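Here's the letter readout for the chains.
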Amino acid sequence: MTKPNMSVEIAGIKMRNPVMTASGTFGYGREFADYMDLESIGAIITKGLSLRPKAGNNTPRIVETPGGMLNAIGLQNVGIDAFITTKLPFLRTVDTPVIVNLYGNSLEEYGELAARIDDLAEVSGVEVNISCPNVKQGGIVFGTDPAAAAQVVGLVRKSTSKPLIVKLSPNVTDVVAMARACVDAGAEALSLINTLTGMAIDINSRRPVLANITGGLSGPAIKPVALRMVWQVSRAVKVPLIGIGGIMSATDALEFILAGATAVQVGTANFLNPAAAEEIAAGMESWLVEKGVKEIGELVGALKC
Amino acid sequence: MTKPNMSVEIAGIKMRNPVMTASGTFGYGREFADYMDLESIGAIITKGLSLRPKAGNNTPRIVETPGGMLNAIGLQNVGIDAFITTKLPFLRTVDTPVIVNLYGNSLEEYGELAARIDDLAEVSGVEVNISCPNVKQGGIVFGTDPAAAAQVVGLVRKSTSKPLIVKLSPNVTDVVAMARACVDAGAEALSLINTLTGMAIDINSRRPVLANITGGLSGPAIKPVALRMVWQVSRAVKVPLIGIGGIMSATDALEFILAGATAVQVGTANFLNPAAAEEIAAGMESWLVEKGVKEIGELVGALKC
Amino acid sequence: MQFQSQVLSNIEVSPGYYRMRMTAPPAVLEAAAGQFVMVKVSRAIDPLLRRPFGIYDMGVFVTPYTDSGTQTFLEILYKVVGHGTGMLADMHQGDSLDIIAPLGKGFDHGAEDEEKILVGGGVGLAPLYLLAKELVKTHRVRLFAGGRSKEDVLCITEFERLGVETYVATDDGTLGDRGLVTQVMLKYLAASRTPKRLFACGPFPMLRAVAGIAEEMQVECQVSLEAYMACGMGACLGCVVKGVNHSAETPDYRCVCKDGPVFESTDLSWE
Amino acid sequence: MQFQSQVLSNIEVSPGYYRMRMTAPPAVLEAAAGQFVMVKVSRAIDPLLRRPFGIYDMGVFVTPYTDSGTQTFLEILYKVVGHGTGMLADMHQGDSLDIIAPLGKGFDHGAEDEEKILVGGGVGLAPLYLLAKELVKTHRVRLFAGGRSKEDVLCITEFERLGVETYVATDDGTLGDRGLVTQVMLKYLAASRTPKRLFACGPFPMLRAVAGIAEEMQVECQVSLEAYMACGMGACLGCVVKGVNHSAETPDYRCVCKDGPVFESTDLSWE
Ligand SMILES: Cc1cc2nc3c(=O)[nH]c(=O)nc-3n(C[C@H](O)[C@H](O)[C@H](O)COP(=O)(O)OP(=O)(O)OC[C@H]3O[C@@H](n4cnc5c(N)ncnc54)[C@H](O)[C@@H]3O)c2cc1C
Ligand SMILES: Cc1cc2nc3c(=O)[nH]c(=O)nc-3n(C[C@H](O)[C@H](O)[C@H](O)COP(=O)(O)OP(=O)(O)OC[C@H]3O[C@@H](n4cnc5c(N)ncnc54)[C@H](O)[C@@H]3O)c2cc1C
Ligand SMILES: Cc1cc2nc3c(=O)[nH]c(=O)nc-3n(C[C@H](O)[C@H](O)[C@H](O)COP(=O)(O)O)c2cc1C
Ligand SMILES: Cc1cc2nc3c(=O)[nH]c(=O)nc-3n(C[C@H](O)[C@H](O)[C@H](O)COP(=O)(O)O)c2cc1C
Ligand code: FES
Ligand code: FES
């Protein structure tokens, strides 16, 4: 039996298979090196990086909910400079594309960040997070208004020649309108979805569980919403999509591919099983072998409706 | 120990306690009479009724998802006339307020429906469903556009003097704007949330699981989103809110009350446990006793942030 | 009726098929063959929905070590097909389950003087066993049992022990005739003249074939259907099938859970 | 290291407290006291996240009925506080669990010539037992154990069997002195002059009190913290605590899972 062709290309980034790790759920890659082969997956996406180090929110920052979890990390990160000096050297030793997830507190910061990584050979591409729901400044606005999103994307497009992926928020009435605006402004691929805004309450203390009050819902609970959005957007835009949301298994990942995603990102699953991304990639390949599918590309958007 | 006062009033409808049954999950009440005491809960909300009988969607119409379920019943119902002649007589024998959930295929139908129930003494109030995501005509538009919602609500307000509750969709960027529009147009209370639009795929058949392709996500999975929306809306409008979404236990219900809901609706839980609504009402009362809370009203919106 | 039940035994009767016996309150004995139970497999939210299973058997046994204690039991026969049945297969004696039973409409035994013909495919044999147990008291009963392979033809010995005459067919010929059980049944029907009544349970294509044969041979026929269910009590409208009068303009949907699972074959639309 | 483990035993040692022994690969024996395990309680999605528990004990036993087989085991001591620990308490011998271990930074034994003082509150005694086992080989070890009531003071006999001198205090006086264990410890520290080192694990207010006493008495002190965790390996940043240099402008967050759970008390901000 010849092996199926699992390789995909997203915005010019060549990947050995469609399984990437989602921003904020895989640290800076190194944390998982003891549990899986970092060269078994398609790409690594870093924790969201900002121009300056960010402290993030107070604790509690996470809480489990039915079939999912809420997080309000508040984008704690070392900042782009420390990333380059302390985290990137390790990633350089791993033969897997590294995509940097960027988050700006303002329009200008997005531009500066994009320029900052433009000449880093080790960075294969940029994923722009316009959808983080936790930080009051910026996040929610850029991610839910097509014109504001287009502004950010346009500026990033001007500031770097790296492959440009934009990550969409699900907290919108019309995700297709957001997708179109980003593509028109220069996005070469779209990632969807980021977390749904949610909340948890402790009835005994009569307080929100999270210090930040609200947080982002991720995990299996959101998979149906994510699948629906990928399917909707895939019928409206031509750029490749990266499906994200509650992917725990090869089956879940294949559902996103059929819905129209060229690749997928594994997020919360990394916490439950630090080898999840590798196992999902392997499981997808086995399924293709079993079904006699010669290349993963045949399945992209192959849903029969 | 004196019993706590569990009674609440929503838009003038007096209820013995804040636990109602959600539209479409409790049939027309009678189905559950063998499993629970229909006079132990605050109110019964009927399956969504339309002017003429509706066939609904093809099957499969439901599928389990992680921590939830998708449904695309497509509002199958007997129609308002058959409801009055075949379902209402039984409900007349139950000493619990009956609230009729209405769904129109057009603006005019909403008006006609409201007028049709105006003189029915057995009907304590109206819940207008502007948020059903399953039917192409109308549903999605009225529920996601503030101006369209206001039109429907205004017309229903003119067509009946019954207490008027409007049920909101979560599939929007700004639920507060929707809430404000409905209140300004005459809604005396708001129910939230209806289902989140989602999708499930069978990788073996390469088809959507539901005949309707997409469906509405309900159950525990959506609770964090529902809680967040209730909390957001409660800080923006003055009318009483009815919290809905993944309520399985008294604890869940109390979370919604703390977030700002005056009452709650139990939906999917009725399927898992046909005595759920009664048990939740009893469990809430026990908790109040345990904590020495004298009336449920003290807890409404009592969240400390 | 909703009740907490303890697993009494859970035995793999054929590869991937299990028979689970569990405690039940005495009132369950009023259930009719063809009625079903809804099982909450776990108290956790996964799996969320109850799973429906036909009643395979029920009865009373004398509890050991006590003088006069008796215990009512229910049995289901199930195939592991996914998450819920997989978890069920992992359960042990003493584990508890939340059950609603009996639900739905069971089989109508029909007239006195008919020969009773049961047709079952795979796990569709489950509700037919209880039916056979009742019918053999007063009638001659024949069973036509089909399955993909010999592992899928279940509990034939149990039927034979009741005095049921059984005919078996498998797709691969590993047990009984090779081919479709409906063909074997058709041959029998064509050769015999006594009044008959059919009772069928199995995959939809098999039921459609049986309904077709029943119509052709002018034999009364009841079929027991499956459908994806959320509530099991007519509340969610998830489980509907099209009735014989169904059309887009005049919808005629029936709930498998409440109007069925057993229907007269002529009451349904078989397209 | 991630591995599948079988439950060997799961015993309620005090009302609501359980000790679970499970199989582990031999390499686990390299774990240091204070390190912890992350347990996936169910293969289903509920509960979703792993639950963290300190290593209470570990070792090797000779498997019965075989000549030379040995089996490495891990033990945790846990309190039932919610959904995940409730399900854990329902588990039986032979059930399987998915474990990641060992995680985090354990206790540093400190200098040779110190007296070692352990302070534990409630289930905070768990990681101190393994620490005591190591320390008693070369040191004099004293344990100050506190809890709300006598049911919350666990495994004292086990510590005594190691040769640890134990002092107990409970809030309600049902065992040992009435009052805070930190007060009992303070009295002892004030009366003794030998060089000492403190090792504390328990609720945050207790740890803060211990850290305060340590500072006052100029004794080195390590504390083992708890935090709500998603990943246990420094990836999610959910479990952070404020380091001593923390301020809004110069954030100094430490991961309990990776930089801890054991910290020098002077490295943390105790506000
Ligand atoms: C009235 C009735 C009686 C039944 N009697 C029996 C019986 O006696 N023995 C037996 O083995 N099976 C019986 N079934 C089928 C049984 O309910 C399903 O096989 C079971 O629910 C699958 O659960 P799962 O979690 O293992 O599967 P899942 O992992 O949920 O799905 C696997 C497959 O099973 C189907 N399925 C899942 N849930 C249901 C559901 N609630 N209803 C129907 N199909 C479903 C799905 O379409 C899917 O293809 C009966 C079904 C009905 C409606
Ligand atoms: C490093 C470390 C070591 C620990 N060692 C032990 C031990 O040896 N014995 C012991 O009994 N307990 C220990 N705990 C605490 C234990 O992890 C929690 O009690 C357990 O996770 C609760 O799970 P649950 O599902 O029963 O509770 P839930 O129903 O989820 O919640 C009940 C309560 O437990 C807390 N909790 C829930 N999940 C976590 C989590 N992942 N981390 C921390 N707190 C949580 C919640 O804040 C909540 O108040 C330790 C925690 C940490 C971080
Ligand atoms: C703890 C945590 C931190 C996250 N941080 C980021 C981030 O920094 N940037 C970003 O774009 N998305 C972030 N996300 C969102 C994930 O990348 C992903 O979009 C989301 O979790 C849905 O996928 P999942 O259901 O597989 O987890 C974070 C998610 C989690 C759970
Ligand atoms: C099977 C099913 C049918 C429903 N039908 C209706 C309906 O007719 N009208 C309506 O307003 N909401 C309908 N709903 C939505 C519920 O009333 C409720 O808003 C939703 O299920 C969320 O609550 P839950 O998570 O408790 O189920 C339906 C939900 C389900 C699951
Ligand atoms: S399963 Fe709900 S109506 Fe039949
Ligand atoms: S638990 Fe994830 S970083 Fe500590």
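Data block above holds the structure.
Residues numbered from 1 in each chain as written. Chains lettered and ligands numbered in written order. Predicted model: local features only at pLDDT ≥ 70, side-chain atom pairs only at ≥ 80, totals over all residues. Heavy atoms only, no water.

Participant: Explain the overall build of chain A to me, please; I cannot follow it from the model alone.
Facilitator: Looking only at helices and strands, chain A features nine helices and 16 strands. What you see for chain A is a C-alpha radius of gyration of 18 Å, in line with the 19 Å of a compact globule of 305 residues. With the C-alpha coordinates aligned to their principal axes, the bounding extent of chain A is approximately 55 × 50 × 40 Å. A buried classification covers 68% of the 305 residues belonging to chain A. When contacts within chain A are restricted to residue pairs at least 6 apart in sequence, long-range pairs at least 24 apart make up 71% of them. For chain A, the computed accessible surface area is about 9700 Å², with 48% contributed by carbon and sulfur atoms. (Helix = DSSP H or I, 4+ residues; strand = E, 2+ residues; numbered from the N terminus. Rg over C-alpha atoms; globule rule 2.2 N^0.38 Å. Buried < 20%, exposed > 50% of the residue type's maximum accessible area, 1.4 Å probe, protein only. Contact = heavy atoms within 4.5 Å. Areas by Shrake-Rupley, 256 points an atom, 1.4 Å probe, with all protein chains shown as cover.)

Participant: Got a minute to help me understand the environment of alanine 276 of chain A in this structure?
Facilitator: Residues and elements named next belong to chain A. Looking at the element boundaries, alanine 276 is found in helix 9 (residues 276-291). Residue classification places alanine 276 among the buried residues on the basis of a relative accessible area of 3%. Here the alpha-carbon distance between alanine 276 and proline 60, two residues 216 residues apart in the chain, equals 26 Å. Apart from residues lying up to four places away in sequence, alanine 276 is in contact with Val266, Ala269 and Asn270.

Participant: Would you mind showing me how to read the packing of helix 5 (residues 175-184) of chain A against helix 6 (residues 223-234) of chain A here?
Facilitator: Geometry of a packed helix pair, given as the angle between the helix axes and the separation of the axes. Residue and element names in this part refer to chain A. Axis separation between helix 5 and helix 6 bottoms out at 9 Å; the angle between their running directions is 50°. Considering their axes alone, helix 5 and helix 6 lie oblique with respect to each other. Note that helix 5 runs across helix 6; the crossing there is right-handed. Of the residues in helix 6, those touching helix 5 at Val175, Val176 and Ala179 are Met229, Gln232 and Val233. When the residues that make up the contact of helix 5 with helix 6 are grouped by side-chain class, the tally is five nonpolar, one polar and no charged. (Axes fitted to C-alpha atoms, helices over the stretch in contact; angles between N-to-C directions. Parallel < 35°, antiparallel > 145°, perpendicular 65-115°, else oblique. Left-handed = near helix turned anticlockwise from the far one by under 90°. Nonpolar A, V, L, I, M, F, W, Y, C, P; charged D, E, K, R; others polar.)

Participant: Help me understand the interface of chain B and chain C, please; the structure alone is not making it clear to me.
Facilitator: How big an interface is tends to be reported as the loss of accessible area on association of its parts. Chain B puts 30 residues into the contact, and the matching count from chain C is 25 residues. Taken together, chain B and chain C are joined by one salt bridge. For the interface between chain B and chain C, the tally reads nine residue pairs in polar contact (both at pLDDT 80 or more). Ranked by the residues each element gives to the side of chain B that touches chain C, the list is headed by strand 5 (residues 62-65) of chain B, at three residues. A breakdown of the residues in the side of chain B that touches chain C according to their chemical character gives 13 nonpolar, 12 polar and five charged. (Salt bridge = Lys/Arg side-chain N within 4 Å of Asp/Glu carboxyl O. Polar contact = N/O pair within 3.5 Å; in protein donor to acceptor, adjacent residues only side chain to side chain.)

Participant: Can you walk me through the site of ligand 1 in this structure?
Facilitator: All names here are of chain C. In the neighbourhood of ligand 1, 21 residues make up the surrounding shell, with Arg51, Pro52, Leu77, Gly84 and Thr85 lying closest. One of the backbone nitrogen or oxygen atoms of proline 52 is found 2.6 Å away from an oxygen atom of ligand 1. Computed on the free molecule, ligand 1 has an accessible area of 850 Å², of which 78% lies beneath the protein chains in the complex. Secondary structure elements with two or more residues in the shell around ligand 1: strand 4 (51-54), strand 6 (70-79) and helix 1 (83-89). Element by element, the count of residues in the shell around ligand 1 is highest for strand 4, at four residues. When residues of the shell around ligand 1 are sorted by domain, at least three fall in each of domain 1 (2-103) and domain 2 (115-226). (Near = heavy atom within 4 Å. Domains from an automatic or database assignment.)

Participant: How do you make sense of the site of ligand 2 when you look at a structure like this?
Facilitator: Residue and element names in this part refer to chain D. Surveying the vicinity of ligand 2 reveals 21 residues, the closest of which are Arg51, Pro52, Leu77, Gly84 and Thr85. For ligand 2, a nitrogen atom lies 3.3 Å from a polar atom in the side chain of glutamate 226. Notes on ligand 2: free accessible area 850 Å², of which the protein chains cover 79%. In terms of residue count, the dominant contributor to the shell around ligand 2 is strand 4 (residues 51-54) (four residues). Both domains that furnish three or more residues to the shell around ligand 2 are identified here as domain 1 (2-103) and domain 2 (115-226).

Participant: So what exactly am I meant to see when it comes to the pattern of salt bridges here?
Facilitator: Where charged atoms from two side chains of opposite charge approach closely, those side chains can pair. Applying the stated criterion across every chain, the model contains 47 salt bridges over all chains. In this structure, glutamate 188 of chain B engages arginine 157 of chain B in a salt bridge whose closest nitrogen and oxygen atoms are separated by 2.6 Å. Here glutamate 188 of chain B, found in the loop between helix 5 (175-184) and strand 10 (189-192), pairs with arginine 157 of chain B, found in helix 4 (residues 146-159); they are 31 residues apart in sequence, far enough to count as distant. With relative accessibility at 23%, the residue arginine 157 of chain B sits in the partly exposed group. Here the salt bridges do not stand alone but share partners, grouping Glu114, Lys116, Arg197, Glu220 and Glu264 of chain C into one network.

Participant: Can you help me understand the interface of chain A and chain B in this one?
Facilitator: Of the residues lining the interface, 42 residues belong to chain A; the matching set on chain B comes to 42 residues. With both sides pooled, the region where chain A packs onto chain B buries about 3800 Å², and carbon together with sulfur makes up 70% of that total. Taken together, the links from chain A to chain B amount to zero salt bridges. One can count nine residue pairs in polar contact (both at pLDDT 80 or more) joining chain A with chain B. Residue classes in the side of chain A that touches chain B are distributed as 26 nonpolar, 10 polar and six charged. (Buried area = accessible area lost by both parts, 1.4 Å probe.)

Participant: Would you explain the nonpolar core in this entry?
Facilitator: Nonpolar side chains in soluble globular proteins tend to end up buried together. Within the largest apolar cluster, 328 residues are counted, with the highest numbers of intra-cluster contacts made by Ile130 and Leu190 of chain A together with Ile130 and Leu190 of chain B. Apart from the residues lying within four places of it in its own chain, the contact partners of leucine 190 of chain B are Ile165, Val166, Leu168, Ala179, Cys182, Val183, Val233, Val237, Val239, Pro240, Leu241 and Ile242 of chain B. (Core = buried A, V, L, I, M, F, W, Y, C linked by side-chain atoms within 4.5 Å.)

Participant: Would you take a moment to explain the sheet that holds strand 4 of chain C for this structure?
Facilitator: The strands making up a sheet are joined through hydrogen bonds of the backbone, oriented either antiparallel or parallel. Residue and element names in this part refer to chain C. Strand order in the open sheet made by the seven strands is 4-3-7-1-2-6-5, with antiparallel pairing throughout. With one partner strand each, in any of the chains shown, strand 4 and strand 5 (57-62) form the two edges of the open sheet. Ignoring which end each strand starts from, the neighbouring axes of this sheet average 40° apart. Pairing analysis gives six bridges linking strand 5 to strand 6, with the strands arranged antiparallel. Across the sheet, residue methionine 58 finds its bridge partner in strand 6, namely leucine 74. Helix-sheet contacts for helix 2 (residues 125-135) involve strand 5 and strand 6, and the interaxial angle to strand 5 is about 65°. (Pairing = 2+ DSSP bridges.)

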